[in-house]
2 protein chains.
Amino acid sequence: MRAVGLIVEYNPFHNGHAYHLQASKEAAKADVVIAVMSGNFLQRGEPALVSKWYRTQMALLNGVDLVFELPYCFAVQKAATFANGAVSLLEAAGCESLCFGSESGDISAFLRTISFLEEKQQLFNENIKHHMGKGVSYPKAIALAYQQLSGSKDFLDLAKPNNILGFQYCKAIVDQNSRLEPLTVTRKNADYHDEHFTSETIASATSIRKAIFSEEPKAAKKIGQFVPEPTNRLLQQYKQQFGGFHRWGNYWDLLQYKLITSAPEELKEVYEMEEGLENRLIEAAHQSTNFQEYMERIKTKRYTWTRLQRLSVHALTNTKKTEMNNVPEKAAYLRLLGMTQAGKEYLNKMKKHFSLPLVAKLSSFKEKEILLDIRAARTYAMVFPKTIRTQMLYQEYQQPPIFIQK
Amino acid sequence: MRAVGLIVEYNPFHNGHAYHLQASKEAAKADVVIAVMSGNFLQRGEPALVSKWYRTQMALLNGVDLVFELPYCFAVQKAATFANGAVSLLEAAGCESLCFGSESGDISAFLRTISFLEEKQQLFNENIKHHMGKGVSYPKAIALAYQQLSGSKDFLDLAKPNNILGFQYCKAIVDQNSRLEPLTVTRKNADYHDEHFTSETIASATSIRKAIFSEEPKAAKKIGQFVPEPTNRLLQQYKQQFGGFHRWGNYWDLLQYKLITSAPEELKEVYEMEEGLENRLIEAAHQSTNFQEYMERIKTKRYTWTRLQRLSVHALTNTKKTEMNNVPEKAAYLRLLGMTQAGKEYLNKMKKHFSLPLVAKLSSFKEKEILLDIRAARTYAMVFPKTIRTQMLYQEYQQPPIFIQK
């Protein structure tokens, strides 16, 4: 059985994802599709719209056969670490290829760019250092250094967000000596960061989330046009069951409380807290009425918005440097969130070849890093209504992997 | 100018307090009344119904001339520590006497009991140890040991809550070699813990709070009968301005969040966290839907309800052993919360004789323990509506002492 791997957040699963999924399956000539999906907190440092269990259902009902969780220690991270974790999981799960969407659509451009930068590594690093010395953020410095070096249009346009991610996936494959074959398909229409609908059926997850949170009833209705039916139904169901969707605003009280009751010395221990930032966060927490205001107060040229959102997720989930600094480059376990019948057959046949322990039930597994996933899920559950919160705090232990027969 | 000192919480100020105040002033033949009042968290380990600023207004409008804050490090403590802090403040503020309400009403009984227990100290301590060995709580062990020793009705009935407090005040005076003269007046009617109205005009603060939180509109209306007009008016005003009153239930989300995101090793550092209790608290936080349920889960014979509520306040305010274990027996500053015209005149005349620094503006004062008061006030403010919370977080720095001209 040939398996193609995808790296996803599905926040929420939309028509663009459905297209990518089918195109990947074809490009890889695969029998099953395996997705490595972030848990409840995402790479950009935000809570997912709906829980990982609902996003797993969306994935399975839309053509994914197996969903594994990308552990917190890789999911809420800069692109390179994120990619390393995800690639190591797909390899461990026996995938033959990894297929990602990109603006470029040309896999050879990715590979050329990697070798080129490896050759010029020293110069490249010097350029990055030079730009950071001028006070710009790390991602910005990389882009500038790259611009200086490249120039020929043979190379990848690393100003495009999906090209950057794809580049990191390919680089992780190379660095890990992985046997995964990298594949890419061109993304349809919507740009990653689009906030408005620009096509009739394809829209970015960003614009869909914006519509979901819109106070205009019309905007919310329009969503049906951009997501497959199961997504729409599950979103409705989630809203009914839990009273709404998750966003930073819901966690503002908890983050503010955390920051105003912590001593600077305690906050220094939070992962990614660089010297002096802790005072900035505390100050902003005292002065701000909501999360947006707080973010605008802590933003500087030196740190990207995303980096500061991730830092805030780590503060919220009480994730410490001591817990994260020893995380190995590769994942340590394959946490199964859900499967279809085909996924189950794949598992039965292949799991003896998996190079990592398969975790279907948390209570029987004691790996240290999984504590971070559990704490993240529990922090995420804190905004559920009091009456169901207790049950949700135990969900990690009680919820078996989702199984969808089809 | 002769000053009498009172030790109060005024949660809220009611007719019984008004009676105690007048009776104390007469008994002491005093010109001014000085109250040492707990801040936003109280001795029984609960948030005060309304903030210390509103309770200061109640005090001043009802006959108190000067209100000083009992610092957090004495206010949220067992009776003996509470008494030591309060007595040291009244002495520092130049009071000639301390007058407390008691069931006994006979000051000589207090003093006799103290000398008696001092004589029998060794035996007394052995008896306490003996009872604690059987697994009962510390206060219960004291009561049992005392019962064994006393017997003669000349001695104080230490089963009565106000006698216990008064006993601790007298003991603090003796232990500190204070020049305060201890006085006591008999309490009118209501028992400390009464939950129901038993008289026409005097009711316990407990029963008044119960009526305030009652969902029956009639019960709330009845309050006017048991509190002076200014209290009633200020309570209405508070409700209008802040949307309601404070109780543990409002802080449940924050406490639950704190407990579920903390590692046991972190919680071990919380003040008063005894070996093993941290796991009990974490477990209960995961299982409970509200504060009451949580308390019932953590309660054991070994710890009183009050002790566990105080521990929960310390967890909520992130108060550490390292911050509290070095707190000296006596207070280090006189934080002025409010004054009347007479109080102001007293201050002008007497402050040069004060044995502690007088703090009217926080921004000009850097004593370490005051950080605990500030953090407590900020934690307390976390349940105000988002729109005014920011302003309230700065109240400690912006609010000058309340002045009431009359």
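Our subject in this report is the structure included herewith. Every value quoted in this text rests on a predicted model; they were computed, and no experiment measured them. (Residues numbered from 1 in each chain as written. Chains lettered and ligands numbered in written order. Predicted model: local features only at pLDDT ≥ 70, side-chain atom pairs only at ≥ 80, totals over all residues.)

### Remarks on the pairing of strand β4 (residues 97–102) of chain B
Residue and element names in this part refer to chain B.
And then number 1: Most of β4 sits out of view: six of its six residues are buried.
And then number 2: Alternating positions in β4 separate into two faces, Ser-97, Cys-99 and Gly-101 on one and Leu-98, Phe-100 and Ser-102 on the other, with burial throughout.
And then number 3: Note: strand β1 (residues 3–8) against β4, two bridges, orientation parallel. Among the inter-strand pairings, Gly-5 is bridged to a residue of β4, identified as Leu-98.
And then number 4: As defined by bridge partners, β4 adjoins strand β5 (residues 181–186) across six bridges and the pair is classed as parallel. Looking at the pairing, Cys-99 lines up with Leu-183 of β5. (Buried ≥ 20, exposed ≤ 12 C-beta atoms within 10 Å, placed from the backbone. Helix = DSSP H or I, 4+ residues; strand = E, 2+ residues; numbered from the N terminus. Pairing = 2+ DSSP bridges.)

### Notes on the packing of helix α12 (residues 248–261) of chain A against helix α16 (residues 305–316) of chain A
All names here are of chain A.
And then number 1: Relative orientation of the contacting elements α12 and α16 amounts to 75 degrees, with a least axis distance of 9 Å. Considered as vectors, α12 and α16 are oriented roughly perpendicular to each other. In contact with Tyr-251, Leu-254, Leu-255, Lys-258 and Leu-259 of α12, α16 contributes Ser-312, Ala-315 and Leu-316.
And then number 2: Looking at the contact of α12 with α16 residue by residue, the classes come out as six nonpolar, one polar and one charged. (Axes fitted to C-alpha atoms, helices over the stretch in contact; angles between N-to-C directions. Parallel < 35°, antiparallel > 145°, perpendicular 65-115°, else oblique. Contact = placed C-beta atoms within 7 Å. Nonpolar A, V, L, I, M, F, W, Y, C, P; charged D, E, K, R; others polar.)

### A look at the relation of the copies chain A and chain B
And then number 1: The two copies are related by a screw operation: chain A maps onto chain B through 180 degrees of rotation and 0.0 Å of translation along the axis, at an RMSD of 0.0 Å. Taken together, the rotation angle and the small translation identify this as a two-fold axis. When each C-alpha of chain A is compared by its distance to the rotation axis, Leu-254 of chain A comes out closest, at 3.3 Å.
And then number 2: Comparing contact sets, 100% of the residues at the interface of chain A also lie at the interface in chain B, consistent with an isologous, same-surface contact. (Least-squares fit on C-alpha atoms with pLDDT ≥ 70 in both.)

### Quick look at the environment of Gln-241 of chain B
And then number 1: Along the chain, Gln-241 of chain B falls in helix α11 (residues 229–242).
And then number 2: In this structure the C-alpha to C-alpha distance between Gln-241 of chain B and Leu-61 of chain B, which are 180 residues apart in sequence, comes to 19 Å.

### Considering the pairing of strand β2 (residues 32–38) of chain A
Residue and element names in this part refer to chain A.
And then number 1: Most of β2 is tucked away, with seven of its seven residues classed as buried.
And then number 2: Taking every second residue as pointing to the same face, both faces of β2 are buried, with Val-32, Ile-34, Val-36 and Ser-38 on one and Val-33, Ala-35 and Met-37 on the other.
And then number 3: In terms of strand pairing, strand β1 (residues 3–8) meets β2 through six bridges, oriented parallel. Bridged to Leu-6 within β2 is Ala-35.
And then number 4: A crossover connection joins β1 to the parallel β2 through helix α1 (residues 15–28); in handedness this β-α-β unit is right-handed.
And then number 5: Relative to strand β3 (residues 66–70), β2 runs parallel, the two being bridged by five bridges. (Right-handed = clockwise from strand over helix to strand, strands pointing away.)

Shape descriptors only; they carry no functional weight alone.
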